[in-house]
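Breakdown of the fold
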Amino acid sequence: MTALDILFIVLAVQVLLGGFDNLWHHEITEALPGRVSARTEIGLHAARELIYAGAFIIFAWFQPHGWLALLFGAVLVGEIVITLADFLEEDRTRRLPPFERVLHTVLAINYGVVLALLTPILWDWFKLEGAGLIVDRGLWSLFFTAAAIGVFGWGVRDAIAWRDLNKRAAGRTEPARLRPSERTVLITGATGFLGQDLVHRLTGRGDRVIALSRDTLKARALFGPRVDVTDNLDLLADDTRIHAIVNLAGANVADMPWWHSRKQLLLDSRLDTTRAVLALIKRLRHKPNVLVSASAVGAYGDQGETPLPEHAGRPLGVFTADLCRVWENEACHAVKYGVRVCRLRFGLIFGRDGSAFPKLALGRLFGIAPQFGDGQQWMSWVHKHDALRAIEFALDRQELAGPVNVAAPAEVRHGEVMRAIGGRGLLMPIPAALLRLGLGEMSELFLASQRVRPQRLQTAGFHFNYPDIKTACRDLTGKPKAGCETAKRLHDTTPV
């Protein structure tokens, strides 16, 4: 076995570990391409991936000689600078899970081994005349070509995400302060899908915000010094003036299969935070006026063709319904402290990132759209901007209390939603039996029929900016026109 073969084996390990790290940590568990706070990290990833793509092509088909060998080596050494900058950025902006930190350490050590093995080889190539040779390394050429294609695609994807995240960050730097106030709002789940934008909307209208987040590094990187960040409500003094609380904390029900341990996590992540909020309210000298607590239309279970206003009955023994019931009941304990409690039951929230919409719209690129079951089940959804406006509405309207449905008023079946999302694409049915076999109880997320009506919101005077699925899809799949971003932000912060 030659030195080059040993190098290629070590490099192949680097490819496989790096690919797993990108897929599992950066995409699935951490969802970095959707985080504004991770924009610098994503840019560094893009640069490193494009370097790797070029290196893999060279390893597959080319042997550089002379000064090209030195240039190739210098580029690979430059990757170390990028990796070090990446480590510093990670420490500044987020708390890495233990496994990801260990994996990054292994990758760094392995890359050092790659450079140690490559250095004498490059020196030998440097002493050869000419620019280099075109070579065929057999299976290694095919392997590194496939690796180059994959990492190049990932690099382009991260570069686009970096550009989009910087645009989003630029749009948040100078929020429009249309309604100055002296109100302080505590937001739990502040770094989540809704929480991030809600923080910016409230600070943009003059509210002071206290953000509760387990990852304080991420929160401070997202919000900057104008937002107070804490990871423990017990640290807040008893005389803290908090006028309103928005409770959005809770693990994503669609992230993983519903094993027993996962169900317990879904319950605990909601109850623990809600109980911490109640303990805070109990000891505060000045009680907040309102607690807006998130819930979901899953509270209604599968009710077929039955219209579901807020007073509709809810089944027992259905996991999502039971989860929402326990969560809402816990939040209601704040009433005994004189706090108005508003329980917002959100439909499936559609946004450009961090939601189900990009996943459902992925098939649009290939001219197809998934359809779960026969597509006849009613599907309750809401545009992210309307969901955020509904939270503000609930904060402001003293008469609004109890359960409140937050779902677009134009009732629509699942098949119609997928046709709108897929554009002119062909619907690809996924049989209900297959979903039940593969996902078990979790399949109810995709198959349950919920004909939810936002009766109390509309009666109170709330108007949806995106009342039907076609209007929402045009916004979510289209590109904002140049020069309209500021106007859109002003519109979104205007009182409802």
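All values derive from a computational prediction rather than experimental measurement. (Residues numbered from 1 in each chain as written. Predicted model: local features only at pLDDT ≥ 70, side-chain atom pairs only at ≥ 80, totals over all residues. Heavy atoms only, no water.)

With that out of the way, let us pick up the side chain of His 414. Structurally, His 414 can be placed in helix α12 (residues 414-422). The residues touching His 414, leaving out its near neighbours within four places in the chain, are Pro 370, Gln 371, Phe 372, Gly 375, Gln 377 and Met 379. (Helix = DSSP H or I, 4+ residues; strand = E, 2+ residues; numbered from the N terminus. Contact = heavy atoms within 4.5 Å.)

Glancing now at the environment of Ala 472. Relative to the elements of secondary structure, Ala 472 occurs in helix α16 (residues 469-477). Given a relative accessible area of 0%, Ala 472 falls into the buried group. With residues up to four places along the chain from it excluded, the contact list for Ala 472 reads Trp 381, His 383 and Tyr 466. (Buried < 20%, exposed > 50% of the residue type's maximum accessible area, 1.4 Å probe, protein only.)

Relative to the 42 Å expected for 29 residues at 1.5 Å per residue, helix α4 (residues 98-126) spans 41 Å between its end C-alpha atoms, a close match to the ideal helical length. The principal kink in α4, of about 30 degrees, is found at Leu 118, preceding the proline Pro 120 by one to four residues. When α4 is considered as a whole, its buried residues turn out to be Glu 100, Leu 103, His 104, Leu 107, Asn 110, Tyr 111, Val 114, Leu 115, Leu 118, Ile 121, Leu 122 and Trp 125. (Expected span 1.5 Å × (residues − 1). Bend = angle between axes of the 7 residues up to and from the residue.)

Turning to the sheet that holds strand β3 (residues 184-188), a few remarks are in order. The sheet built from 7 strands is open, its strands ordered β5-β4-β3-β6-β7-β9-β13 with parallel pairing. In this open sheet, the two edge strands, each paired with only one partner strand, are β5 (228-230) and β13 (402-406). When strand polarity is set aside, the average angle formed by the axes of neighbouring strands in this sheet is 20 degrees. Strand direction decides the pairing type here: β3 and strand β6 (residues 244-247), joined by 4 bridges, are parallel. Looking across to β6, one finds that Leu 186 is bridged to Ile 245. (Pairing = 2+ DSSP bridges. Axes fitted to C-alpha atoms, helices over the stretch in contact; angles between N-to-C directions.)

A separate point is the pattern of salt bridges. This model, assessed by the stated rule, comprises 30 salt bridges. The partner of Asp 396 in a salt bridge is Arg 205, with the nearest N and O atoms 3.1 Å apart. In this pair, Asp 396 is assigned in helix α11 (residues 384-396) and Arg 205 in the loop between α6 (193-204) and β4 (208-212), connecting sequence segments 191 residues apart. The partly exposed category is assigned to Asp 396, whose relative accessible area is 29%. Between Glu 411 and Arg 453 there is a salt bridge, with the nearest N and O atoms lying 2.4 Å from each other. Within this pair, whereas Glu 411 is found in the loop between β13 and α12, its partner Arg 453 is found in the loop between β15 (451-452) and α15 (455-459), the two being separated by 42 residues in sequence. In the salt-bridge network here, residues are joined through shared partners; they are Arg 183, Arg 201, Arg 205, Asp 207, Glu 392 and Asp 396. (Salt bridge = Lys/Arg side-chain N within 4 Å of Asp/Glu carboxyl O.)

Turning our attention to the packing of aromatic side chains. For the structure shown, the criterion picks out 19 aromatic pairs. With 5.5 Å between their ring centres and 25 degrees between their planes, Tyr 52 and Phe 56 make a pair best called stacked. Pair noted here: Tyr 52 and Phe 56 are both in helix α2 (residues 39-61), with a separation of 4 residues, about one helical turn. Residue classification places Phe 56 among the buried positions, given a relative accessible area of 4%. A centroid spacing of 6.1 Å and a plane angle of 80 degrees characterise the contact between Tyr 52 and Tyr 111, whose relative ring orientation is edge-to-face. Here Tyr 111 lies in helix α4 and Tyr 52 lies in helix α2, a separation of 59 residues in the sequence. Accessibility classification places Tyr 52 together with Tyr 111 in one group, the buried group. (Phe/Tyr/Trp six-rings, centres within 6.5 Å; stacked < 30°, edge-to-face > 60°.)

Right, let's get into the nonpolar core. Core analysis: the largest hydrophobic core is formed by 47 residues, its most contacted members being Ile 187, Val 246, Val 292, Leu 344, Phe 346, Ile 391 and Leu 457. At 7 residues, the largest contribution of residues to this core is made by α11. For Leu 457, the contacting residues outside a window of four places in its chain are Glu 310, Ala 390, Phe 393, Leu 400, Val 404, Asn 405, Val 406, Phe 462 and Phe 464. Core analysis: the next-biggest nonpolar cluster, separate from the first, contains 25 residues, Phe 8, Phe 59, Leu 118 and Ile 121 among them. (Core = buried A, V, L, I, M, F, W, Y, C linked by side-chain atoms within 4.5 Å.)

What follows is about the pairing of β6. Every second residue of β6 is oriented toward a common face, with Ala 244 and Val 246 on one face and Ile 245 and Asn 247 on the other, all of them buried. Judged from the 4 bridges that link them, β6 and strand β7 (residues 290-296) form a sheet pairing that is parallel. Across the sheet, residue Ile 245 finds its bridge partner in β7, namely Leu 291. Between β6 and its parallel partner β7, the chain crosses via helix α8 (residues 260-283), and the hand of that crossover is right-handed. (Right-handed = clockwise from strand over helix to strand, strands pointing away.)

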